[in-house]
Amino acid sequence: MKSKTMRAALLGAAGIAMASIAMPAAAEKIEGQYICVFQPSLVAKGNVKAEAGKSASQGQGQLKHTYENTIRGFAMNASAQGIANMLARNPRIAYCEQDQVMTTVQGKPGGGSSTPPPESTPWGVTRVGGGLTGSTRKAWVIDSGVDYTHPDLNVNTALSRTFISRTTTADDDNGHGSHVAGTIGAIKGNGIGVVGVAPGVSIVAVKVLDRRGSGSNSGVIAGVDYAAANFASGDVANMSLGGGFSQALNDAVIAAASRGLKFALAAGNESTSATTKSPASANGPNIFTISSFAQGDRWSSFSNYGNPPVDFAEPGSSIPSTYKDGGYATLSGTSMAAPHFAGLLLLGTPRSGGTVTGDPDGNPDTIGIN
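Cut-offs and rules
Residues numbered from 1 in each chain as written. Predicted model: local features only at pLDDT ≥ 70, side-chain atom pairs only at ≥ 80, totals over all residues. Heavy atoms only, no water. Helix = DSSP H or I, 4+ residues; strand = E, 2+ residues; numbered from the N terminus. Rg over C-alpha atoms; globule rule 2.2 N^0.38 Å. Buried < 20%, exposed > 50% of the residue type's maximum accessible area, 1.4 Å probe, protein only. Contact = heavy atoms within 4.5 Å. Areas by Shrake-Rupley, 256 points an atom, 1.4 Å probe, with all protein chains shown as cover. Phe/Tyr/Trp six-rings, centres within 6.5 Å; stacked < 30°, edge-to-face > 60°. Disulfide = S-S within 2.5 Å. Axes fitted to C-alpha atoms, helices over the stretch in contact; angles between N-to-C directions. Parallel < 35°, antiparallel > 145°, perpendicular 65-115°, else oblique. Left-handed = near helix turned anticlockwise from the far one by under 90°. Expected span 1.5 Å × (residues − 1).

Q: Whenever I open this one, the overall build of the protein confuses me. Can you help?
A: Along the backbone of the protein there are 7 helices and 22 strands. In terms of C-alpha radius of gyration, the protein reaches 20 Å, essentially the compact-globule figure of 21 Å for 370 residues. Considered along the principal axes of its C-alpha atoms, the protein spans approximately 65 × 45 × 35 Å. Split into buried and exposed, the 370 residues of the protein put 58% on the buried side. Within the protein, residue pairs in contact and separated by at least 24 positions form 76% of the contacts whose partners lie at least 6 positions apart. Here the protein has roughly 13600 Å² of accessible surface; of this, 49% comes from carbon and sulfur atoms.

Pasting the structure below:
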């Protein structure tokens, strides 16, 4: 089911309460940056850009993004008073929320190497029954980009896009997205590196995080909106990123999933309830939130928990995979768990492979396997 809308009132300079401002919980806010969502019954898809432009003028702000394939809305730079004035004059807007920082959902880093090791199958891929070739579906990696020229990855550069300013391609300058991509689909049989859950699948890089592994909700929604407009039946989107609760981001994921795009979402690494994080807290058909376990099916101490929204647990501790600049690295986090499930979705319908031990919510998560 959908997460509850988080709403609060914004008080104007004159002390007048302005309704319909949704404030993310426990988030690192971005000053002067907002995401606004139209009432879908009042703004047609083809009118989003025009209405967004009018709205930005009302708020004396500058447009950053428009969204029409998931939520119908926009992101803009403006003052809080400008947003309040815009809302007071524009009944077409359902709510606005302050933009916030999004980051990689990664735990403790391990070793890295620029020299390709002899090919091996990581323990996580073995545990979930992966390593099977033949899938013709695409994996949309909504992350820090993917190494375009990595010899162990099959990157669809034509479809790949960046939503980070000052970058012209979705090539990975952080490493996180390339690691995620390798777990999903590192090539099998080339004699080097690692084997992915669904080896050789086409990887589409959707760059929404910068070289520091940081981005914004507004940019992530733009990436989700792009994937929703261009995916094919059977494709899967992986989102190994997170921040505080965001109704707009959750709504965008839910809308994209309703069109048929499947999502594997990292539960987060704060050892707390995943209901407080986005996109982890998004719920609905085709949406799967993934917690993490270590070898021996033991709960990863860093992993967020809670059913809902968590649907499955996958390997996430000490996971070797591909990295930026043609390299390889071992990382830990629910970021590493989610792409195992994304790979399983590309192979077919995951089934139960038992449950984890030590789940702190007392309701052991199911281990998804092929």
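After presenting the structure, the write-up continues.
Q: Explain the packing of aromatic side chains here, please?
A: Aromatic rings in a pair are described by how distant their centres are and how their planes are angled relative to each other. By the definition in use, this model includes 7 aromatic pairs. Ring centres of Phe38 and Phe74 lie 5.4 Å apart, and the angle between their planes is 45°; on these two criteria the pair is classed as tilted. Taken together, the residues Phe38 in strand β3 (residues 29-38) and Phe74 in strand β5 (residues 73-77) connect sequence positions 36 residues apart. Like Phe74, Phe38 is buried. Here a set of aromatic residues connected by ring pairs shows up, and it is made of Trp140, Phe163 and Tyr226.

Q: Mind showing me how you'd approach the state of the cysteines here?
A: Tallying each qualifying case throughout the model produces 1 disulfide. Note that Cys36 is cross-linked by a disulfide to Cys96, the S-S spacing being 2.1 Å. Taking the sign of the S-S torsion, 110° for the link of Cys36 and Cys96, the bridge is right-handed. Separated by 60 residues along the polypeptide, Cys36 in strand β3 and Cys96 in strand β6 (residues 93-104) bring together distant segments of the chain. With respect to burial, Cys36 and Cys96 carry one shared label: buried.

Q: Any chance you could explain the side chain of Ser300 here in plain terms?
A: The residue Ser300 is located in the loop between β17 (298-299) and β18 (310-315) in this model. Judged by its relative accessible area of 2%, Ser300 is buried. Not counting residues within four places of it along the chain, the set of residues in contact with Ser300 comprises Ser292, Phe293, Ala294 and Ser317.

Q: Explanation requested: the packing of helix α4 (residues 176-185) against helix α7 (residues 334-347) in the structure shown.
A: Helix-helix packing: each pair is described by the crossing angle between the helix axes and the interaxial distance. At their nearest, the axes of α4 and α7 sit 8 Å apart, and the two run at 40° to each other. As summarised for this structure, α4 and α7 are arranged oblique, according to the angle between their axes. Like other packed secondary-structure pairs, α4 and α7 cross with a definite hand, here right-handed. Residues His176, His179, Val180, Thr183 and Ile184 of α4 touch α7, and the partners they reach there are Ser335, Met336, Pro339, His340, Ala342, Gly343 and Leu346.

Q: Before we go on, may I ask you to explain the packing of helix α5 (residues 217-230) against helix α6 (residues 247-258) in this structure?
A: Between α5 and α6, the shortest axis-to-axis distance is 10 Å and the interhelical angle comes to 5°. As summarised for this structure, α5 and α6 are arranged roughly parallel, according to the angle between their axes. Side by side, α5 and α6 meet where Asn217, Val220, Ile221, Val224 and Ala228 of the first sit next to Ala248, Leu249, Ala252, Val253 and Ala256 of the second.

Q: Would you take a moment to explain α5 for this structure?
A: Between its first and last C-alpha atoms α5 spans 20 Å; for 14 residues at 1.5 Å apiece the expected length is 20 Å, and the two agree. In terms of residue burial, α5 counts as a mostly covered element, since 12 of its 14 residues are buried. Among all positions of α5, only Asn217, Ser218, Gly219, Val220, Ile221, Ala222, Gly223, Val224, Asp225, Tyr226, Ala227 and Ala228 are buried.

Q: Looking at this model, I keep getting lost on α4. Mind explaining?
A: An α-helical segment advances 3.6 residues per turn. Residues three or four places apart therefore align on the same side. The element α4 is extensively covered by neighbouring structure, given that 10 of its 10 residues are classed as buried. Among all positions in α4, only His176, Gly177, Ser178, His179, Val180, Ala181, Gly182, Thr183, Ile184 and Gly185 are buried.

Q: Just to check I follow, could you spell out the side chain of Thr289 for this structure?
A: Positionally, Thr289 belongs in strand β16 (residues 287-294). Thr289 gets classed as buried once you look at its relative accessible area, which sits at 0%. Apart from the residues within four sequence positions on either side, Thr289 is in contact with Leu265, Ala267, Ala280, Ala282, Pro309, Val310, Asp311 and Phe312.

Q: Please explain unusual backbone geometry as it appears in this structure.
A: With the exception of glycine, the majority of residues adopt a negative phi angle, and the majority of peptide bonds are in the trans configuration. The peptide bond linking Ser278 to Pro279 adopts the cis configuration, its omega dihedral lying at 10°. Mapping Pro279 onto the fold places it in the loop between β15 (277-278) and β16. For the bond running from Asn307 to Pro308, omega is -5°, close enough to zero to count as cis. By the element assignment, Pro308 lies in the loop between β17 and β18. Of note in the backbone geometry, Ser271 takes a positive phi value of approximately 55° without being a glycine. Looking at the element boundaries, Ser271 is found in the loop between β14 (262-266) and β15. Of the residues examined, Ser271 reaches a relative accessible area of 37% and is grouped as partly exposed. Phi at Asn286 is positive, roughly 70°, even though this residue is not glycine.

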